Amino acid sequence: MNESDRELSAMVQELWDNDINRLKPGKDYRISLQGKAGDAMSVNDGSDRAGSPLFTFVDENIFKKETFLAFISLLDNYESDTGEPEVVTPEEIAENHKFLDSIVQTATMKIAHKYLVEKKLSPNDTKDFKEQLYRIWFELYTRRGSSRPDSSGFEHVFVGETRGGRTVIGFHNWIQLYLQEKLGHIDYKGYSVTANSPQPDEGKHILALQFSWKNGIKPKGSIFIGVSPEFEFALYTLCFLTSPNERVKVSFSLYEVEIVCHHYNQKHIGTTYPVLVKYQTN
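Residues numbered from 1 in each chain as written. Predicted model: local features only at pLDDT ≥ 70, side-chain atom pairs only at ≥ 80, totals over all residues. Heavy atoms only, no water.

Peer 1: I'm lost on the overall build of the chain in this one. Help?
Peer 2: Of the regular secondary structure elements, the chain holds eight helices and ten strands. Out of the 282 residues in the chain, the part that is buried amounts to 54%. The long-range share in the chain, meaning contacts at least 24 apart out of those at least 6 apart in sequence, stands at 66%. (Helix = DSSP H or I, 4+ residues; strand = E, 2+ residues; numbered from the N terminus. Buried < 20%, exposed > 50% of the residue type's maximum accessible area, 1.4 Å probe, protein only. Contact = heavy atoms within 4.5 Å.)

Below is the structure:
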């Protein structure tokens, strides 16, 4: 691990330690891993290694907290299919700003902001910082195969998109996963492991999985489970602004993780998500 990765790891540990809204596995939520998902190439053969939903319990009182409430209000603001132009209403713009207003007040975002200011990567003024966050996450851009703006970093990462109606892209957020599964729109098909990744653990906060959504398949996705919206927002913004690399190695708490972070035109987040490398023993 190089010096910049070590420095970023220390920052992520600080974000983690201050994520007071994080849910506790086994207490605030429970998941059921069931079987190992089939090969990504054979997802259309009807193979389903999980007969039951992923989430068996979530204490929904957490969704009444300000940042969760503001986050959830954004999830129905998007057309999922890439190629369908997004129409952003004044009400949706107001909801975006309300969400940013709520998260910049949290300890995790304040820590991230302070660090980014020290690195001269973000403006010191909170209003200017929120404008920067808005541009990175909410400004629309054009994904492949579309002629008009049809996507944003927020939509791709936190809400999920479909391509050609058959493939799910993005969709790396546990709250959206839980809410969509509760509505019957998600069919969890099992957990994913590779030769190099550790066996998933129902008591840990990172999971690779396979699922279907809106008639499309997500052959392999990777998400944090139980963390707050502000933690993910702070972590991904940090990685986007501090690293030109598309994969950033960080170690924190029980995890050694690669954060994949693709830039779009150097101005916006294309996609970002965690990949578990190994569990730390200390």
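Peer 1: Please explain the packing of aromatic side chains as it appears in this structure.
Peer 2: Given two aromatic rings, one states the distance between the centres and the angle between the planes to describe the pair. If you walk through the whole model with that rule in mind, you get 29 aromatic pairs. For the ring pair Phe 99 and Phe 233, a centre distance of 5.2 Å and an interplane angle of 85° mean the geometry is edge-to-face. With Phe 99 in helix H3 (residues 90-103) and Phe 233 in helix H8 (residues 229-242), the pair connects residues that are 134 residues apart, well separated along the chain. Given the relative accessible area of 0%, Phe 99 is considered buried. (Phe/Tyr/Trp six-rings, centres within 6.5 Å; stacked < 30°, edge-to-face > 60°.)

Peer 1: Help me out: how do you make sense of unusual backbone geometry in this one?
Peer 2: As a rule of thumb, non-glycine residues mostly have phi less than zero, and peptide bonds are mostly trans rather than cis. With phi around 60°, Lys 120 is a residue other than glycine that occupies positive phi space. Along the chain, the position of Lys 120 falls in the loop between helix H4 (107-118) and helix H5 (126-137). Judged by relative accessible area, Lys 120 falls into the exposed class, the value being 75%. Within the chain, Phe 171 stands out as a residue other than glycine whose phi angle is a positive 65°.

Peer 1: Sorry, what's going on with the sheet that holds strand S10 (residues 268-279) here?
Peer 2: Spatially, S8-S9-S10 is the arrangement adopted by the three strands of the open sheet, whose pairing is antiparallel. The open sheet has two edge strands with one neighbour each: strand S8 (247-252) and S10. For this sheet, the mean inter-axis angle between neighbouring strands, taken without regard to orientation, is 25°. Note that strand S9 (residues 255-264) and S10 share ten bridges and pair antiparallel. Counterpart to Tyr 255 in the pairing with S10 is Tyr 279. In the packing of helix H1 (residues 3-17) onto the sheet, contacts are made with S8 and S9, and the angle to S8 comes to roughly 55°. (Pairing = 2+ DSSP bridges. Axes fitted to C-alpha atoms, helices over the stretch in contact; angles between N-to-C directions.)

Peer 1: It is not clear to me how the layout of surface pockets should be interpreted in this structure. Could you clarify?
Peer 2: A probe matching the size of a water molecule, rolled over the atoms, marks out where space remains unfilled. In this structure, the largest pocket encloses a volume near 510 Å³. Looking at the largest pocket, it is lined by 27 residues, and the ones nearest its centre are Lys 220, Gly 221, Ser 222, Tyr 273 and Val 275. Mapped by element, the contributors of at least two residues to the lining of the largest pocket are strand S6 (206-213), strand S7 (216-224) and S10. For the lining of the largest pocket, the element with the highest residue contribution is S10, accounting for five residues. (1 Å grid on protein atoms, 1.4 Å probe; cavity = no way out; pocket = protein on both sides within 12 Å on 5 of 7 lines; lining within 4 Å. Points joined across faces, edges and corners; volume = space filled by probe spheres on them.)

Peer 1: Teacher, can you tell me more about the packing of H5 against H8 here?
Peer 2: Describing two packed helices takes the angle between their axes plus the distance from one axis to the other. Closest axis-to-axis distance for the H5/H8 pair is 12 Å, and the angle between their directions is 85°. Of the possible angle classes, the one that applies to H5 and H8 is roughly perpendicular. On H8, the residues touching Gln 132, Leu 133, Ile 136 and Trp 137 of H5 are Phe 233, Tyr 236, Thr 237, Phe 240 and Leu 241. Broken down by class, the residue content of the contact of H5 with H8 amounts to seven nonpolar, two polar and no charged. (Parallel < 35°, antiparallel > 145°, perpendicular 65-115°, else oblique. Nonpolar A, V, L, I, M, F, W, Y, C, P; charged D, E, K, R; others polar.)

Peer 1: Even after reading the chapter, I still don't get the nonpolar core, so can you show me in this structure?
Peer 2: Within soluble globular proteins, side chains that are nonpolar tend to cluster in buried spots. With 77 residues, the main nonpolar core has Phe 99, Trp 137, Phe 154, Trp 174 and Phe 233 as its most contacted residues. It is H8 that provides the largest number of residues to this core, a total of nine residues. Residue contacts for Phe 233: discarding those within four places in its chain leaves Phe 99, Leu 100, Ile 103, Met 109, Trp 137, Phe 138, Phe 154 and Phe 158. (Core = buried A, V, L, I, M, F, W, Y, C linked by side-chain atoms within 4.5 Å.)

Peer 1: What's the story with the pairing of S8 in this structure? I'm lost.
Peer 2: Along any regular strand the residues' side chains alternate between the sheet's two faces. Here six bridges tie S8 to S9, and the two strands are oriented antiparallel to one another. When the bridges of S9 are listed, Phe 252 appears paired with Tyr 255. Linking S8 to S9, which pair antiparallel, is a turn of two residues; within it Ser 253 sits at a positive phi near 45°.

Peer 1: Would you mind going over the pattern of salt bridges with me for this structure?
Peer 2: When charged atoms on two side chains of opposite charge get close, those side chains can pair. Under the criterion given, the structure shown has twelve salt bridges. Residue Asp 28 pairs with Lys 27 through a salt bridge whose shortest N-O separation is 3.4 Å. For Asp 28, a relative accessible area of 14% translates into the label buried. Of the charged contacts in the structure, one is a salt bridge between Lys 127 and Glu 131, with a shortest N-O distance of 3.4 Å. (Salt bridge = Lys/Arg side-chain N within 4 Å of Asp/Glu carboxyl O.)

Peer 1: What's the story with H1 in this structure? I'm lost.
Peer 2: Because an α-helix completes one turn every 3.6 residues, residues spaced three or four positions apart along the sequence face the same direction. Here H1 contains 15 residues, and its C-alpha end-to-end distance of 21 Å stays within 8% of the 21 Å for a straight helix at 1.5 Å per residue. Buried within H1 are the following residues: Asp 5, Leu 8, Ser 9, Met 11, Val 12, Leu 15 and Trp 16. Along the axis of H1, the buried positions cluster into a sector of 165°, meaning they face one direction only. Opposite its buried face, H1 presents the exposed residues Glu 3 and Asp 17, each directed more than 90 degrees away. Along its buried surface, H1 packs onto H4, H8, S8 and S9. (Expected span 1.5 Å × (residues − 1). Arc of directions from axis to C-beta.)

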